[in-house]
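# A look at the structure
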Amino acid sequence: KQEVTQIPAALSVPEGENLVLNCSFTDSAIYNLQWFRQDPGKGLTSLLLIQSSQREQTSGRLNASLDKSSGRSTLYIAASQPGDSATYLCAAPGGGARQLTFGSGTQLTVLP
Amino acid sequence: EAGVVQSPRYKIIEKKQPVAFWCNPISGHNTLYWYLQNLGQGPELLIRYENEEAVDDSQLPKDRFSAERLKGVDSTLKIQPAELGDSAVYLCASSLNGQETQYFGPGTRLLVL
């Protein structure tokens, strides 16, 4: 059974700072990993999807990396802005299955 | 293009009452998912549909929960009877042909008193 852990659970940084969110998973037989953003009271928005053949994926100020051998992924946010404040969740398939297992998320607050 | 639509957005009921949630996926998406999200946790899959067929419902508490997607488009999730522990956000998502990117609706926030 896939288990996904995200550290830290909450993070507060001043505006402009670069930051890294961490995600670890127990079953490395995955074909991709996804990062989502969730704003309070809203659904999830897909940010980045990394295929197992890729080591990283970039979108604007976001960069996600994947290391299957160590069971880890990181989400790097450059030059953080108050609008980046949200909960960030990573999700991995359950060892080949199409079911996604989500972490509990990291609640990010960017202070102006 | 319209996103995933869910209704109602909020629902307050007393325990032992029935409740139903509705989801309309993105047009053309044949895969539909229902998730449950507790406060401070990530979503947990309840059921996945490929067209009108439920292909993964192992996490659905079948004694009180039921779901249907009769025409392979919109879907309804029902709880009968509701319990206090069912208070949570119920999220619907859809994807194209089971491809990995899932698009989520805003969710239905259920409070059972």
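Quick summary incoming for the structure in this document. (Residues numbered from 1 in each chain as written. Chains lettered and ligands numbered in written order. Predicted model: local features only at pLDDT ≥ 70, side-chain atom pairs only at ≥ 80, totals over all residues. Heavy atoms only, no water.)

### Concerning the pairing of strand 5 (residues 44–50) of chain B
Across a regular strand the side chains alternate sides, sitting on one face of the sheet and then on the other. Residues and elements named next belong to chain B. For strand 5, the buried fraction is high: 6 of the 7 residues fall into the buried class. If you look at the hairpin formed by strand 4 (residues 31–37) and strand 5, you'll find 6 residues sitting between the two strands, and glycine 40 has a positive phi there, around 80 degrees. Between strand 5 and strand 6 (residues 53–56), which pair antiparallel in sequence order, lie 2 residues; one of them, asparagine 51, sits at a positive phi of approximately 55 degrees. (Buried < 20%, exposed > 50% of the residue type's maximum accessible area, 1.4 Å probe, protein only. Helix = DSSP H or I, 4+ residues; strand = E, 2+ residues; numbered from the N terminus. Pairing = 2+ DSSP bridges.)

### Focus on the sheet that holds strand 7 (residues 65–68) of chain B
Residue and element names in this part refer to chain B. Pairing is antiparallel across the open sheet formed by 4 strands, whose spatial order is 1-3-8-7. Whereas interior strands pair on both sides, the edge strands pair on one side only; in this sheet they are strand 1 (5–7) and strand 7. When strand polarity is set aside, the average angle formed by the axes of neighbouring strands in this sheet is 15 degrees. Relative to strand 8 (residues 75–79), strand 3 (residues 19–24) is paired through 5 bridges, and the arrangement is antiparallel. Note that in strand 8 the partner of tryptophan 22 across the bridge is threonine 76. (Axes fitted to C-alpha atoms, helices over the stretch in contact; angles between N-to-C directions.)

### Observations concerning the pairing of strand 11 (residues 108–112) of chain B
All names here are of chain B. Only one face of strand 11 is covered, namely the face carrying Thr108, Leu110 and Val112; the face carrying Arg109 and Leu111 is uncovered. Sheet topology places strand 2 (residues 10–13) next to strand 11; 4 bridges connect them, and they run parallel. Directly across from isoleucine 12, in strand 11, lies its bridge partner leucine 111.

### Thoughts on the pattern of salt bridges
All names here are of chain A. Evaluation of the coordinates by the stated rule reveals 6 salt bridges over all chains. Between arginine 37 and aspartate 39 there is a salt bridge whose closest N-O contact spans 3.0 Å. For arginine 37, a relative accessible area of 17% translates into the label buried. A residue is classified by how much of its surface remains accessible, and aspartate 39, at 25% relative accessible area, is partly exposed. (Salt bridge = Lys/Arg side-chain N within 4 Å of Asp/Glu carboxyl O.)

### Quick word on the interface of chain A and chain B
Taken together, the contact between chain A and chain B spans 19 residues of the former and 22 residues of the latter. For the pair chain A and chain B, the two sides together bury roughly 1500 Å², of which 47% comes from carbon and sulfur. Run the count over chain A and chain B and you get 0 salt bridges. At the boundary of chain A with chain B, the tally comes to 3 residue pairs in polar contact (both at pLDDT 80 or more). Within the residue set of the side of chain A that touches chain B, elements represented by two or more residues are strand 4 (32–38), strand 5 (44–51) and strand 10 (100–102) of chain A. Grouping the constituent residues of the side of chain A that touches chain B by class yields 7 nonpolar, 10 polar and 2 charged. (Contact = heavy atoms within 4.5 Å. Buried area = accessible area lost by both parts, 1.4 Å probe. Polar contact = N/O pair within 3.5 Å; in protein donor to acceptor, adjacent residues only side chain to side chain. Nonpolar A, V, L, I, M, F, W, Y, C, P; charged D, E, K, R; others polar.)

### Some details on the sheet that holds strand 8 (residues 72–77) of chain A
All names here are of chain A. Across the sheet, 5 strands lie side by side as 1-3-8-7-6; this open sheet has antiparallel pairing. Each of the sheet's edge strands pairs with one partner strand only, and the pair in question is strand 1 (4–7) and strand 6 (56–59). Neighbour to neighbour, the strand axes of the sheet diverge by 15 degrees on average, direction disregarded. Of the strand pairs in this sheet, strand 3 (residues 19–25) and strand 8 are connected by 6 bridges, and their pairing is antiparallel. For serine 24, the partnering residue across the bridge sits in strand 8 and is arginine 72.

### Here's the deal with unusual backbone geometry
The amide bond that connects serine 7 of chain B to the next residue, proline 8 of chain B, takes the cis arrangement and shows omega of -5 degrees. Mapped onto the fold, proline 8 of chain B is located in the loop between strand 1 and strand 2. A cis amide bond, omega -5 degrees, links glutamine 80 of chain B with the succeeding residue proline 81 of chain B. For proline 81 of chain B, the location among the structural elements is in the loop between strand 8 and strand 9 (88–95). Despite not being glycine, alanine 79 of chain A has its phi angle at roughly 45 degrees, a positive value. Checked against the element boundaries, alanine 79 of chain A lands in the loop between strand 8 and strand 9 (86–93). Residue classification places alanine 79 of chain A among the partly exposed residues on the basis of a relative accessible area of 37%. One non-glycine residue, lysine 16 of chain B, lies in the positive phi region at around 80 degrees. By secondary structure assignment, the location of lysine 16 of chain B is in the loop between strand 2 and strand 3.

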